[in-house]
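The chain contents come next:
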Amino acid sequence: MRTSVGERLLDLAVSGVLWGFRILLVAAVLLGTIATIRAGKYTSEQWIDFVVFGISQGSIYALIALGYTMVYGILRMINFAHGDIFMTGAFGAYFLATWLNGIGFIDNHPILGLLIPILFAMIMAGGIAMLVERIAYRPLRGAPRLVPLISAIGASFFLEYAFRGFFGPGVYAYPPIKALEGEWNVLGVGILKVQVVVAVAAFIMMAILYFIVMFTKAGKAMRAVSESKDTAALMGIDVNRIIVSTFALGAAMAGAAGVLYSLIYRQVGFFMGFTPGIKAFTAAVLGGIGNIPGAMVGGLVLGVFESVGPSLFLEGLGIPRPYQLKDAIAFTMLVMILLFRPSGILGERITTKKA
Amino acid sequence: MLKLDNVHTFYGNIHALKGITLSIEKGEIVTLIGGNGAGKTTTLRTISGLLKPREGSVTLEGEDLIKYKAHEVVYKGVSMVPEGRGVFARLSVMENLEMGAYSLKSKQELDKNIERVFTLFPRLKERRTQVAGTLSGGEQQMLATGRALMANPRILLMDEPSMGLAPVLVELIFETIQQINKVGVTVLLVEQNALMALAIADRGYVLQTGEIVLTDTAENLKKNPMVQKAYLGVE
């Protein structure tokens, strides 16, 4: 291909600017980190605290990100209503947990008091996701890719404002689980119990999902459908049923994440799905969209960066209220990954040989 | 056994099949030959239910196939090896075979069929844990064929199995098709390599721009001057 000198110069200039941007960012992070460590404002206990919080927050992002990545893998579509599916799960669990709390069940059986609302949230979120798929996405199968995307945004608004209409614009307090209050002392460092429980629960859910996708017949069929719907149908796989199960499975993970999120923040409201939703989407892109282990890694990386970042490098740079810039870190990472490695951390590598 | 009667299939507004009528008897190998765009793949996709004809009928032993969706047709005993093999690149060889047996209920039958495929293609056994996308073209064709056999088909539709393969491998695949046929599977073979296809087929149909222009026994087709000129490269 012949390109003109002007075009080549422009290419050079663009990549020069991008490289400059990259170097500047890395330098800022390094300088900030060094300055913070020199200042020695935080103790190592506090750093551990930041990391643990990042892991528990990140494991929630990872759980939500799984739904984005699975639906993308199978339909090449971003399900922007997924964050609101997370919210519906949290709402369902809130009502059930409030009732259980009212009859004293949560105080007497803290473990069941945690598990039953999670299970209920999973069923509720899964059911709503199946309805959304049936009503808003399936009729648009085969339409240009932008069309289901717009429909997804519509579904997102519908869920948000339907819940606002039913339950009002305020926030509800998720009932406390007394057994989860306080700290555990691990090697002389106090770690909040709720954060450990949230992270452990999220990891168990991820392991279950990974098992389903890798080793069950339905999971293998999901992977087959994500490669080729036509070929999968030739195997006798009911493609529509597999697509619905994928939505339901991803939504069940988001529903469980909704409860875990409510355990940490103790607030349930109609708009609560928006920020975690786009953060989880960022995590899915970060790990490589369409890639299940990628979503898990992406979620954790994002969570830890967001939690450690403000005090580690933003504060060192002399930014007055670094915690307000928490979200900016997440979305800067999204822009960076889209610019420099669009396939994500664990992006796709294997392709079909055509010959 | 399988009958197509006056089948018209469209791709959007393109009239791809213009009244195809053909029949395949139990135990036969029948080949469809024709150039690019003649409608060979469209015919197979219509039989397997991936495309629905606008007119005409497709019946398997008297039962209408058009009313079934593609995944239900498999349960009726029709398996297809798609063009370009269509193995699931990110699934292992074993997982590909398991997907081929998706319509089976029992684990014993699955194990029995896997053993059968491994005797037919010992190479696949060596590679069973490997991801299918890393197999060679010949191995992928073996896998696609084995995978189609996993569903215990009564009739096997094969779309261009020789495409892109070295001549040695083409021979191996065609020998296997004969073996499969001997154990009672009826075969409908679509090929551009007319020479190879007519060598193993009982009968053949010649397709041109969506219409059947000629049908005869494979022996006679090989001698037909039109076929010789257009598809066998004989001057």
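Chains are numbered independently. Their residues run from 1 in the order of the written sequence. To label them, take the chains in the order written and letter them from A, then take the ligands in the order written and number them from 1. A pLDDT threshold of at least 70 governs which residues receive local features in this predicted model, and a stricter bar of 80 or more applies before side-chain atom pairs are shown or counted, although totals over entire chains, interfaces and linings include all residues. For the side-chain quantities, the full set of heavy atoms in the structure was used; hydrogens and water were omitted.

**A word on the packing of helix 5 (residues 110–137) of chain A against helix 6 (residues 146–167) of chain A**
All names here are of chain A. Helix axes are fitted to C-alpha atoms over the stretch in contact, other axes to C-alpha atoms as well, and angles between N-to-C directions run from 0 to 180 degrees. Secondary structure elements follow DSSP: runs of H or I no shorter than four residues count as helices, runs of E no shorter than two count as strands, and numbering proceeds from the N terminus. Running from N to C, helix 5 and helix 6 point in directions that differ by 135°, and their axes come no closer than 10 Å. Put simply, helix 5 runs oblique to helix 6. Seen from above, helix 5 lies across helix 6 with right-handed handedness. Seen from helix 5, the contacting residues are Met124, Ile128, Val132, Ala136 and Tyr137; seen from helix 6, they are Pro148, Ser151, Ala152, Ala155, Leu159 and Phe163. Amino acid classes used here: Ala, Val, Leu, Ile, Met, Phe, Trp, Tyr, Cys and Pro are nonpolar; Asp, Glu, Lys and Arg are charged; the rest, including Gly, are polar. Considered class by class, the residues forming the contact of helix 5 with helix 6 number ten nonpolar, one polar and no charged. By definition in this entry, angles of less than 35 degrees are roughly parallel, angles greater than 145 are roughly antiparallel, angles of 65 to 115 are roughly perpendicular, and the rest are oblique. Handedness of a crossing is defined here by the sense of rotation of the near helix relative to the far one, left-handed for an anticlockwise turn of less than a right angle and right-handed for a clockwise turn. Residue contacts follow a heavy-atom distance rule, with two residues in contact if any of their heavy atoms lie within 4.5 Å.

**Structural notes on the pattern of salt bridges**
Proximity of charged atoms lets side chains of opposite charge pair with each other. A pair is scored as a salt bridge if a Lys or Arg side-chain nitrogen falls within 4 Å of a carboxyl oxygen belonging to Asp or Glu. Across all of its chains, the model carries 17 salt bridges over all chains by this definition. Linking arginine 154 of chain B and glutamate 61 of chain B is a salt bridge whose minimum nitrogen-to-oxygen distance equals 2.4 Å. Placement of the pair is arginine 154 of chain B in the loop between helix 6 (137–149) and strand 7 (155–159) and glutamate 61 of chain B in the loop between strand 4 (55–60) and strand 5 (63–64), with a sequence separation of 93 residues. Notably, a salt bridge pairs lysine 107 of chain B with aspartate 111 of chain B, separated by 3.0 Å at the nearest N-O pair. Taken as a pair, lysine 107 of chain B and aspartate 111 of chain B lie in helix 4 (residues 107–120) at a separation of four residues, close to a single helical turn. Type-normalised accessible area, obtained with a 1.4 Å probe on protein chains alone, sets the label of each residue: buried when under 20%, exposed when over 50%, and partly exposed for intermediate values. Residue classification places lysine 107 of chain B among the exposed positions, given a relative accessible area of 53%. Salt bridges sharing partners connect three or more residues here, namely Glu133, Arg138 and Arg141 of chain A.

**Considerations on the packing of aromatic side chains**
Two rings from Phe, Tyr or Trp (for Trp, the six-membered ring) form a pair when their centres are within 6.5 Å of each other. A pair whose planes differ by under 30 degrees is stacked, one over 60 is edge-to-face, and the rest are tilted. The tally for this structure, following the rule as stated, stands at 21 aromatic pairs over all chains. Here a set of aromatic residues connected by ring pairs shows up, and it is made of Phe91, Tyr94, Phe95, Phe163, Phe166, Phe167 and Tyr172 of chain A. Here the guanidinium or amino end of arginine 54 of chain B rests over the ring plane of phenylalanine 10 of chain B, the centre of that ring lying 3.7 Å away. We call a charge positioned over a ring when the NZ of a Lys or the CZ of an Arg lies within 6 Å of the ring centre and within 35 degrees of the ring normal. Here arginine 147 of chain B stacks its cationic end above the ring of phenylalanine 88 of chain B, 4.9 Å away from the centre of that ring.

**Regarding the side chain of arginine 223 of chain A**
Within the secondary structure, arginine 223 of chain A sits in helix 8 (residues 217–227). A polar atom in the side chain of arginine 223 of chain A sits 3.1 Å from the backbone oxygen of valine 213 of chain A. Apart from the residues lying within four places of it in its own chain, the contact partners of arginine 223 of chain A are Val213 and Met214 of chain A together with Arg90, Leu91 and Glu95 of chain B. Contacts described as polar in this section are N or O atom pairs within 3.5 Å, which, within protein, must combine one atom able to donate a hydrogen with one able to accept it, while residues neighboring in sequence count only if both atoms come from side chains.

**Section: the domain arrangement of chain A**
Residue and element names in this part refer to chain A. Annotation of chain A at the domain level lists domain 1 (1–40) and domain 2 (42–340). On the domain 2 side, the residues contacting the twelve residues of domain 1 number twelve residues. The term buried area refers to how much accessible surface (probe radius 1.4 Å) is lost by two components on association, counted for both of them together. Carbon and sulfur atoms make up 80% of the area that domain 1 and domain 2 hide from each other, which totals about 990 Å². Linking domain 1 with domain 2 are zero salt bridges, by the criterion used here. Looking at the side of domain 1 that touches domain 2, its residues break down into seven nonpolar, four polar and one charged. Per the annotation, domain bounds derive from an automatic or database assignment of domains.

**Some thoughts on helix 10 (residues 239–265) of chain A**
Note: α-helices contain 3.6 residues per turn, so residues at a spacing of three or four share the same orientation. A rise of 1.5 Å per residue sets the reference length of helix 10 of chain A, with its 27 residues, at 39 Å; its end C-alpha atoms lie 39 Å apart and thus fit the reference within 8%. Just downstream of helix 10 of chain A lies arginine 266 of chain A, where phi reads positive at about 60°. Expected helix span is taken as 1.5 Å per residue step, with the number of steps being one fewer than the number of residues.

**Concerning the packing of helix 3 (residues 93–100) of chain B against helix 4 of chain B**
Residue and element names in this part refer to chain B. Look at helix 3 against helix 4: their axes get within 10 Å of each other, and the N-to-C directions meet at 120°. By the angle between their axes, helix 3 is oblique relative to helix 4. The two elements helix 3 and helix 4 meet at a crossing, and its hand is right-handed. Across from Met94, Leu97 and Glu98 in helix 3, the residues of helix 4 making contact are Leu110, Ile114, Val117 and Phe118. Per-class residue counts for the contact of helix 3 with helix 4 are six nonpolar, no polar and one charged.

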